[in-house]
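Residue-level structure breakdown
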Amino acid sequence: MVTSTRRPRRSSGFTLYETLLVLVIVTGLVVLMATPRAASQNLLAERAFWPSWQRFWTAGCQLAVRRRETLHVEVDIPRHVAELRTLSRGGTPQVLARLAVPPSLRFGEGDTKWDGNIDERGWAPALTLEWYSQRTQLWWYQTFQLKGALIYVTATETRRPHATNP
């Protein structure tokens, strides 16, 4: 009498169900971990923007005095950039400095661009720019005072009724 001793066949890898389960778990963890990180990076970018913008503006005022020429400042919301450049005198304006604007910031009135000049004395007109943060739902008011050289930034949860906008 011959008895067969068959051993059960063993797989050396995962089954399709086990593989799908692992992929679903890993995908879920990646989504859960990536979302708060991106949100916190946006918030940090916004917080870092205000002192950078003040340095950008102050450097523009100092550069205008040193070069003895009027410089042009432009903020382009769709491109998320602020640029300081020379005024064109029949040629192409030269970009002297660039600053990234966080994607969550926009102008309060929905304008997509703002521009102004800093004259050769380092002066700019006194004005208040109104920004809105889509990330924090805060209204930011940036006031240029004292020849346009100093910047005062305030944030509020409600919009001011009589703000001077760009």
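Please refer to the structure placed before this passage.
Below is a short write-up of the structure. In this text, all values refer to a predicted model and were calculated from it rather than measured experimentally.

1. A look at a nonpolar patch on the surface
Side chains of Leu-21, Ile-25, Leu-29, Leu-32 and Met-33 sit close together on the surface and give an oily, nonpolar patch of about 560 Å² of accessible area. Here Leu-21 is to be found in helix α1 (residues 16-67). On the accessibility criterion, Leu-21 (53% relative accessible area) is exposed.

2. Notes on the packing of aromatic side chains
Under the criterion given, the structure shown has 11 aromatic pairs. Aromatic pair Trp-50 and Trp-131: ring centres 5.6 Å apart, planes at 90°, arrangement edge-to-face. Highlighted residues: Trp-50 in helix α1 and Trp-131 in strand β6 (residues 127-133), separated in sequence by 81 residues. Taken together, the ring pairs in this structure connect Phe-49, Trp-50, Trp-53, Phe-56, Trp-57, Phe-107, Trp-114, Trp-131 and Trp-140 into an aromatic cluster. Positioned above the aromatic ring of Trp-123 is the side chain of Arg-121, whose terminal nitrogen or guanidinium carbon lies 4.1 Å from the ring centre.

Rules and cut-offs
- Residues numbered from 1 in each chain as written.
- Predicted model: local features only at pLDDT ≥ 70, side-chain atom pairs only at ≥ 80, totals over all residues.
- Heavy atoms only, no water.
- Patch = residues over 30% accessible without salt bridge, like charges linked within 9 Å, V, L, I, M, F, W, Y side chains within 5 Å.
- Areas by Shrake-Rupley, 256 points an atom, 1.4 Å probe, with all protein chains shown as cover.
- Salt bridge = Lys/Arg side-chain N within 4 Å of Asp/Glu carboxyl O.
- Helix = DSSP H or I, 4+ residues; strand = E, 2+ residues; numbered from the N terminus.
- Buried < 20%, exposed > 50% of the residue type's maximum accessible area, 1.4 Å probe, protein only.
- Phe/Tyr/Trp six-rings, centres within 6.5 Å; stacked < 30°, edge-to-face > 60°.
- Lys NZ or Arg CZ within 6 Å of the ring centre and 35° of its normal.

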